[in-house]
Amino acid sequence: MSTTSTTVELAIGGMTCASCANRIERKLNKLDGVTATVNYATEKARVEAPGGIDPAVLVAQVEAAGYRAELPRPAAGPDEDEGSKDDPTRPLRNRLITSAVLAVPVIALAMVPALQFTYWQWISLALAGPVVTWAAWPFHRATWANLRHGTATMDTLISMGVLAAFAWSLYALLFGTAGMPGMTHPFELTIRPSDGAANIYLEVAAGVTTFILAGRYFEARSKKRAGAALRALLELGAKDVAVLRHGTEVRIPIEQLAVGDRFVVRPGEKVATDGVVDEGTSAVDASMLTGESVPVEVGPGDGVVGATVNAGGRLVVRATRVGSDTQLAQMARLVEDAQNGKAAVQRLADRISGVFVPIVIALAVGTLGFWLGTGAGAAAAFTAAVAVLIIACPCALGLATPTALLVGTGRGAQLGILIKGPEVLESTRRVDTVVLDKTGTVTTGRMELVAVHTGAGVDEDEVLRLAGALEDASEHPIAAAIARGARDRIGSLPAVEGFTNVEGLGVQGVVDGHAVLVGRPALLEQWSQPLDADLAAHLAAAQADGRTAIAVAWDGSARAVLVVSDTVKPTSAEAISQLRALGLTPVLLTGDNEAAARAVAAEVGIEEVVADVLPADKVDVVKRLQDEGWVVAMVGDGVNDAAALAQADLGLAMGTGTDVAIEASDITLVRGDLRAAADAIRLSRRTLATIKGNLFWAFAYNVAALPLAAAGLLNPMLAGGAMAFSSVFVVVNSLRLRRFR
């Protein structure tokens, strides 16, 4: 057998609660080398299996446990959409409507003595029969399948409770006194001793079935809604694309697009896939992917992401990534992986629900025996035992974690925050220190012209025109920053004659008849054009701040000093204050010199700085902080940050960074905005708090309700309603995460 492992995803059918998921998981994990996690909310099994294993073996193993499994289907074609698939909630809805129509009169007749006409009990039997048999059939079928495999699940409780109530009623009607003309019985929340032969529980059998079907239906609908963020993400992409073939536009389905193809994006159209702009300039709206509301200006050489919208002019884009390699597809995969994962809290809940059912059945039998033993009568004993069976269903327990994860990770995806797995949520709670890479994370990572200091009587625009024109002919990054800054401020730049690059010192040439020098002060001194005292002071001050200063001279004398720097992102200072508000201590980490790092730190409000760090040493800085007892989050964007991101207790990668950094991180921030880091930690903590709230509700509910039911203080029908409500409550509580801002 191959030592390499493959990941197989199976669609699971027939699960009705968390203990079903737990059973399938145990069954799959019995296979050699297989590690499986089954998610009740997404109805999927994620299986890590040895490379040589036949997926059909996995399917057979699931079927042996009494459930259905399907291998992943090929991706849907362009003609197939979500709407064309059968709505999985429709059969459930049909059963619920039929059940409700028939059960309401049964409940009304049982509850209101005034409605109890002669032979009302036989009408109730006729109405309740289809509810108990056809409407409750999914519960009975699952119970039978479980019994064949020697196990019990939540359906066992429901089926036993409903059939016991119906069977007792049938006995009382046929062999007791309940079938006599003129029989009436009052509706009571508590019980009194009686022989049971005059009592019927058809309203319990019909009512419980209806309540539980209603709970299951709303659960199914909510689960469908909770996964909508992922489906919406997958549906963002364009469906077809206009490709250039021999200079002519040809419309083809998006599946046929290949890397290297050049395609046209008109104003208002979606960019078909990730690529680089070849021709044209425009503003691209990436809000649906990144949450960023301001369109980004792009031109030749700039990268664009598939599914973003062209808000301006016509673009010709060369495809660099297609299909499952695109950023959109990777985002969807990350979200799905996170939703299929399982946090430690969920594993605990699953184990508990696995042993819960047998305990409840034993408790119901014990309750029956206790009440019979105290002489309370068969009806009293029976009522309490059925209430125990019905109240105990821990569906809320099984839904507590998956629904919160589904909604939390889905909402994160909409906001440009991709949480890789549920265990990540546990890390965010404990983090107390956040290490921030400087370049590309706190700063833009791109050199910008930030200041122009001119000599006496020299016009700033003239400096920019002459220096910008000369630097425009150079390919140096600092020269590009000066040329870009000059063009932004004064518009077009004049042509250059006699351009020369002086290695290590700067450039020289003739612009509009002026002999211009731009570079280090040493270049100017070679031509006997030194800086005066004022300009030299500006140059020294810029260098003291860790910035790059460039001297400019023409026609025999020094005229100006240009200051170039990697600029701080406009939102970084706000992000630092948000991180502090979350109780985190920010630390700036950079390979830059101490002066440059201190200047940036002072601008954004960071006190702790670690500068002059080699890329390989970043991981050591994180380790050192961990050894000192801190729980460290790391935010970075480059290949040089990948090891530190992996070492940190929580790694956050900027989506504008490299694939290596994104792969090494726990959370990916699609926006290149540091505020997203604070949002990610807030969302993770909120999701974790929701999971804990859900689990508390589910546990507390069962613990509080079981003694009441066993003591005979809960009518079985009220128990069924309360049980269904607890599941719906958990799902609705999770859905509150959709409102996270």
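Residues numbered from 1 in each chain as written. Predicted model: local features only at pLDDT ≥ 70, side-chain atom pairs only at ≥ 80, totals over all residues. Heavy atoms only, no water.

Caption draft 1: Representation of the packing of aromatic side chains within the structure. Inspection of every chain in the model, using the stated rule, returns four aromatic pairs. Centroid distance tryptophan 168 to tyrosine 171: 6.1 Å. Interplanar angle 55°. Geometry classified as tilted. With tryptophan 168 and tyrosine 171 both in helix α6 (residues 154–175) and three residues apart, the pair spans about one turn of that helix. Relative accessible area serves as the criterion here: at 41%, tyrosine 171 is assigned to the partly exposed category. Ring centres of tyrosine 171 and phenylalanine 175 lie 6.0 Å apart, and the angle between their planes is 40°; this geometry places the pair in the tilted category. Within this pair, tyrosine 171 and its partner phenylalanine 175 are both found in helix α6, separated by four residues, close to a single helical turn. Accessibility expressed as a relative area gives 66% for phenylalanine 175, which makes it exposed. Positioned above the aromatic ring of tryptophan 134, the side-chain terminus of arginine 95 is 4.8 Å from the ring centre. (Phe/Tyr/Trp six-rings, centres within 6.5 Å; stacked < 30°, edge-to-face > 60°. Helix = DSSP H or I, 4+ residues; strand = E, 2+ residues; numbered from the N terminus. Buried < 20%, exposed > 50% of the residue type's maximum accessible area, 1.4 Å probe, protein only. Lys NZ or Arg CZ within 6 Å of the ring centre and 35° of its normal.)

Caption draft 2: Representation of the sheet that holds strand β12 (residues 309–310) in the model. Read from one edge of the open sheet, three strands run β10-β9-β12, paired in antiparallel fashion. Looking at strand neighbours, the two that pair on one side only are β10 (296–298) and β12, the edges of this open sheet. Examined bridge by bridge, strand β9 (residues 282–285) and β10 share three bridges and lie antiparallel to one another. Looking across to β10, one finds that alanine 283 is bridged to glutamate 297. (Pairing = 2+ DSSP bridges.)

Caption draft 3: Examining the side chain of glutamine 508 more closely. Inspection of the secondary structure assignment puts glutamine 508 in strand β18 (residues 506–511). For glutamine 508, the contacting residues outside a window of four places in its chain are Leu470, Gly498, Phe499, Thr500, Val502, Val516, Leu517, Leu523 and Trp527. (Contact = heavy atoms within 4.5 Å.)

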